[in-house]
Amino acid sequence: MTPQEVLQFIGENKIRQIDLRFTDLPGVNQHVSYPAKQLTESTFEEGFGFDGSSIRGWAAINESDMLLLPDAETAFIDPFYEVKTLVMTCNIVDPITRQNYDRDPRWIARKAEMFVQNSGLADTAYLGAEAEFFIFDNIRFDQQANHGFYYIDAEEGRWNSARAENNLGYRPRYKEGYFPVPPTDHHQDLRAEMVETMIKCGLDIECHHHEVATGGQAEIDQKYNTLTKSADNMMLYKYIIRNTAHQYGRTVTFMPKPLFGDNGSGMHVHQSLWKEGKPLFSGDLYAGLSQMALWYIGGLLRHARALSAIIAPTTNSYKRLVPGYEAPVNLAYSRRNRSAAVRIPMYSSAPKSKRIEFRPPDPSANPYLAFAAMVMAGLDGVVNKIDPGEPLDKDIYDLSPEEMKVVPSMPGSLEEALNALEDDHGFLLKGDVFTEELLENYINYKRRAEADAVRLRPHPYEFALYYDI
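The model shown is predicted, which means the values in this text are computed figures rather than measured ones.

Undergrad: Explanation requested: the overall build of the protein chain in the structure shown.
TA: Helix and strand counts for the protein chain stand at 14 helices and 18 strands. The C-alpha atoms of the protein chain give 23 Å as radius of gyration, which agrees with the globular expectation for 469 residues (23 Å, within 12%). Principal-axis analysis of the C-alpha atoms places the extent of the protein chain at approximately 65 × 60 × 45 Å. Here the protein chain holds 469 residues, and the buried ones make up 52% of them. In the protein chain, 67% of the contacts between residues at least 6 apart in sequence involve partners at least 24 apart. When the accessible area of the protein chain is evaluated, it comes to approximately 21800 Å², of which 51% is carbon and sulfur surface. Positive and negative side-chain charges in the protein chain, numbering 48 and 65 respectively, have mean positions lying 3 Å apart.

Undergrad: Just to check I follow, could you spell out the packing of helix α5 (residues 227–247) against helix α9 (residues 367–383) for this structure?
TA: In a pair of packed helices, the angle between the axes and the distance between the axes together describe the arrangement. One can describe the packing of α5 onto α9 by two numbers: an axis separation of 9 Å at closest approach and a directional angle of 150°. The angle between α5 and α9 falls in the class roughly antiparallel. The handedness of the crossing between α5 and α9 comes out as right-handed. Contacts between α5 and α9 involve L227, T228, S230, A231, D232, M234 and M235 from the first element and P367, Y368, F371, A372 and V375 from the second. The residue makeup of the contact of α5 with α9, split by class, is nine nonpolar, two polar and one charged.

Undergrad: Which parts of the structure should I look at to understand the environment of V342?
TA: Relative to the assigned elements, V342 resides in strand β17 (residues 342–344). Here V342 falls in the buried class, since its relative accessible area comes to 0%. As a C-alpha pair, V342 and H270 span 72 residues in sequence and 9.6 Å in three-dimensional space. For V342, the residues in contact, after removing those within four places along its chain, are I297, L301, A332, Y333, S334, I356, E357 and F358.

Undergrad: What exactly am I supposed to notice about the nonpolar core here?
TA: Side chains that are nonpolar tend, in soluble globular proteins, to be buried together. The biggest cluster of nonpolar side chains holds 118 residues, and the ones touching the most others in it are F133, Y237, F371 and F434. When residues of this core are assigned to their parent elements, the largest contribution, twelve residues, is made by α9. With sequence-adjacent residues up to four places away left out, F434 is seen in contact with I108, I310, L369, A372, A373, L428, L429 and L439. Counting residues in hydrophobic clusters, the runner-up holds six residues, among them F134, I152, A154 and A213.

Undergrad: Honestly, the pattern of salt bridges in this entry has me stumped. Any pointers?
TA: Pairing is possible between side chains that carry opposite charge, provided their charged atoms lie close to one another. Under the counting rule described, the total for this entry stands at 21 salt bridges. Close ionic contact of R343 with E357 constitutes a salt bridge, the shortest N to O distance being 2.5 Å. You can see R343 sitting in strand β17 and its partner E357 sitting in strand β18 (residues 356–358), a full 14 residues away along the chain. With respect to burial, R343 and E357 carry one shared label: buried. Overlapping salt bridges bring together D19, R21 and D78 as one network.

Undergrad: I tried to follow helix α11 (residues 414–423) on my own but got confused; where do I start?
TA: Since the α-helix packs 3.6 residues into each turn, any two residues three or four apart lie on the same face. For α11, the complete set of buried residues consists of L414, A417, L418, A420 and L421. On an axial view of α11, the arc spanned by its buried residues comes to 155°, and they lie on one face. Buried positions along α11 lie against α7 (304–311), α8 (317–320), α12 (426–429) and α13 (436–455).

Undergrad: Teacher, can you tell me more about the pairing of strand β4 (residues 65–70) here?
TA: Look at any regular strand and the pattern is simple: side chains alternate between the two faces of the sheet. For β4, the tally of buried residues reaches five of six residues, placing the bulk of the element in the interior. The pairing of strand β3 (residues 48–51) with β4 spans four bridges and is classified as antiparallel. Among the inter-strand pairings, F50 is bridged to a residue of β4, identified as M66. Two strands pair when backbone bridges link them, and β4 and strand β6 (residues 85–93) are joined in this way by four bridges, in the antiparallel orientation.

Undergrad: Just to check I follow, could you spell out the packing of aromatic side chains for this structure?
TA: Aromatic ring pairs are defined here through the distance separating the ring centres and the angle between the ring planes. In total, this model carries 16 aromatic pairs according to the counting rule given. For the pair Y34 and F48, a centre-to-centre distance of 4.6 Å together with 40° between the ring planes defines the contact as tilted. Taken together, the residues Y34 in strand β2 (residues 29–35) and F48 in strand β3 connect sequence positions 14 residues apart. Note on Y34: relative accessible area 18%, which makes it buried. In this structure F48 comes out as buried when scored by relative accessible area, which is 6%. Aromatic side chains Y237 and F254 sit 6.5 Å apart centroid to centroid with 50° between the ring planes, which places their arrangement in the tilted category. Here F254 lies in the loop between β13 (251–253) and β14 (267–275) and Y237 lies in helix α5, a separation of 17 residues in the sequence. F254 shares its class with Y237; the two are buried. Each residue in the set F22, F50, W58 and Y101 is aromatic and connected to the rest through ring pairs, giving one cluster. Across from the ring centre of Y239, 4.1 Å away, lies the NZ or CZ of R21, which sits over that ring.

Undergrad: Whenever I open this one, the pairing of strand β9 (residues 148–153) confuses me. Can you help?
TA: Pairing analysis gives six bridges linking strand β8 (residues 138–143) to β9, with the strands arranged antiparallel. Paired with D142 across the strands is F149, a residue of β9. The antiparallel hairpin formed by β8 and β9 contains four residues in its connecting segment.

Undergrad: Help me out: how do you make sense of the side chain of N233 in this one?
TA: Checked against the element boundaries, N233 lands in helix α5. Among residues more than four places away in sequence, those in contact with N233 are L203, Q222 and N225.

Calculation notes
Residues numbered from 1 in each chain as written. Predicted model: local features only at pLDDT ≥ 70, side-chain atom pairs only at ≥ 80, totals over all residues. Heavy atoms only, no water. Helix = DSSP H or I, 4+ residues; strand = E, 2+ residues; numbered from the N terminus. Rg over C-alpha atoms; globule rule 2.2 N^0.38 Å. Buried < 20%, exposed > 50% of the residue type's maximum accessible area, 1.4 Å probe, protein only. Contact = heavy atoms within 4.5 Å. Areas by Shrake-Rupley, 256 points an atom, 1.4 Å probe, with all protein chains shown as cover. Lys, Arg positive; Asp, Glu negative; His and termini not counted. Charge placed at Lys NZ, Arg CZ, Asp CG, Glu CD. Axes fitted to C-alpha atoms, helices over the stretch in contact; angles between N-to-C directions. Parallel < 35°, antiparallel > 145°, perpendicular 65-115°, else oblique. Left-handed = near helix turned anticlockwise from the far one by under 90°. Nonpolar A, V, L, I, M, F, W, Y, C, P; charged D, E, K, R; others polar. Core = buried A, V, L, I, M, F, W, Y, C linked by side-chain atoms within 4.5 Å. Salt bridge = Lys/Arg side-chain N within 4 Å of Asp/Glu carboxyl O. Arc of directions from axis to C-beta. Pairing = 2+ DSSP bridges. Phe/Tyr/Trp six-rings, centres within 6.5 Å; stacked < 30°, edge-to-face > 60°. Lys NZ or Arg CZ within 6 Å of the ring centre and 35° of its normal.

Geometry only, nothing functional implied.
In structure tokens form, the structure reads like this:
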């Protein structure tokens, strides 16, 4: 919709309030609501003021005044609010310079799209993200000077099979949740309602299913879209999933590794470049790829360790990215092989379906930053004709130690990932998509608020290992 159409829509549908949303640096949605009469055609350009110093990873107190500019194209009616409310995603603008705010993740995604267009190599980057998540019935956690714990429970969790009361069985075994029918799959109806709500809000959904882990792991797949729109959609996707589960008395987490001993949650991202309506990744080379696609893979693999700080940005991410387990930590590419960091899906030979799938990302990532960074890495591969090397078409986990030595891998911790980003980020600075100031602020925030915060605290399992030492 245009601003004029939004105002007409508000009148015709008796909208009472508007809800303006944006995303902070870690990737969490923020919002503020106004009576609908506060929205006029001029406010789409003048914006709504707010205090940016209170937003994580954003401005200092002496530069706190900022503006929210609603994007009319993102408007939808919120399905959860009691008062009829129209939601719009916003861009952040400095009220003095009237320039877009460099720490606004959505602005970074928009700049990445402009960089693709200005490159002359392509005009559109399409991304399709498959975000997994867990549906739990109860969660408790706390961390104090003298104690620290978490306790998860889920009716579907295999650990409840020995419970004496109200036990009807039918729970997925560990690593066997992909994907039995109900009653073993406890959340068919809940996922179906999530999907129906997503469709009402404008998302294009392909399928939904139980995932590999016990305890309510699930996946809902969206159709691919352009870079910024895909990131907008991922934020809405998370919002709908959380709120639908909450209405059912359940809780959802996008933590990559909430359960020990079972599969974690990834966010595999399908990617392709197009120009003038034509796909650029289809060709007659390996797995039906073009030379551009292979160079794009080369860029992803070359910069994967630096990317990890953005696409797998939490300390918990590296409980999932562990060599020898289910996650694709080895930096190689292959057709069909899901143990490689880059997989080339072979479901269809149609040129428009030809794409690559990057598997290390997880759903704790800020989608605006993650999608922008991956496209920048891939384009760097195309510009510099980075050779991805030979494909690895056997199970990587069955390779001998000698063979594994020549296969590079993802970092083993958030600290290692942040170090890699410090050492290798020139590809992100091209076109001023990311800035030195933004990356320095991001790295410092992640170190201080997350990596150091976890490193400084005793881990509960340390007491089992060391209390009697």
